[in-house]
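Here is what each chain is made of, one letter per residue.
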Amino acid sequence: SDSKNEPVLRQQVAALPYRIADSGAAEILVITSRDTGRFIIPKGWPKKRQKKPDAAATEAYEEAGIVGKVGQKPIGSYTYWKRGVGEFERLQVLVYPLQVTKQRAEWPEKGQRRMAWLSVEDAALLVDEPELVSLIRSFRGAPH
């Protein structure tokens, strides 16, 4: 396709929350969306005057109560159709790795979502967006 004719998509940011298990394998935290209950990763709109990686980390805290070290470069992106009022909009989501160091006891959306730590393979099986599946499958923990 001719990229000049591609519409410029509005961008959201997401965190791919991970930890390295004792085995050395990466584990991914997935959460459920509030509306449909599908498995997703924390994401939202970038805040004004906030760097995109920091905005991704903020979403992870608000939606899952997790904090940690966020990568400053996206590991990739995926697109999805967001259901609006009477319309759909295709959005691009920039995905930033977040090495989780702790889970808070309280956070803004506590009790509104389910969450699970999963192997890379299982996390890839549970999410729907094909490009996000590929991103997770190729993830082995961010380099330091």
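Computed from a predicted structure; not experimentally measured.

*Asks:* So what's going on with the pattern of salt bridges? Residues and values would help.
*Replies:* What the rule picks out here adds up to 9 salt bridges. Glutamate 129 is paired through a salt bridge with arginine 38; the nearest N and O atoms lie 3.7 Å apart. Of this pair, glutamate 129 sits in the loop between α2 (120-126) and α3 (130-137) while arginine 38 is found in the loop between β2 (26-32) and β3 (39-40), placing the two residues 91 residues apart along the sequence. Classification of arginine 38 as partly exposed rests on a relative accessible area of 31%. Counted as one network, the salt bridges with shared partners bring together Arg34, Glu63, Glu109 and Arg113.

*Asks:* Before we move on, can you summarise the nonpolar core with the specific residues and values?
*Replies:* Ranked by internal contacts, the top residues of the largest apolar core, which has 23 residues, are Ile28 and Ile136. Those elements that place two or more of their residues in this core are β1 (11-20), β2, β6 (76-83), β7 (88-103), α2 and α3. The dominant element in this core, judged by the number of residues it contributes, is α3, at 4 residues. Among residues more than four places away in sequence, those in contact with isoleucine 136 are Leu16, Ile28, Val120, Ala123, Ala124 and Val127.

Calculation criteria
Residues numbered from 1 in each chain as written. Predicted model: local features only at pLDDT ≥ 70, side-chain atom pairs only at ≥ 80, totals over all residues. Heavy atoms only, no water. Salt bridge = Lys/Arg side-chain N within 4 Å of Asp/Glu carboxyl O. Helix = DSSP H or I, 4+ residues; strand = E, 2+ residues; numbered from the N terminus. Buried < 20%, exposed > 50% of the residue type's maximum accessible area, 1.4 Å probe, protein only. Core = buried A, V, L, I, M, F, W, Y, C linked by side-chain atoms within 4.5 Å. Contact = heavy atoms within 4.5 Å.

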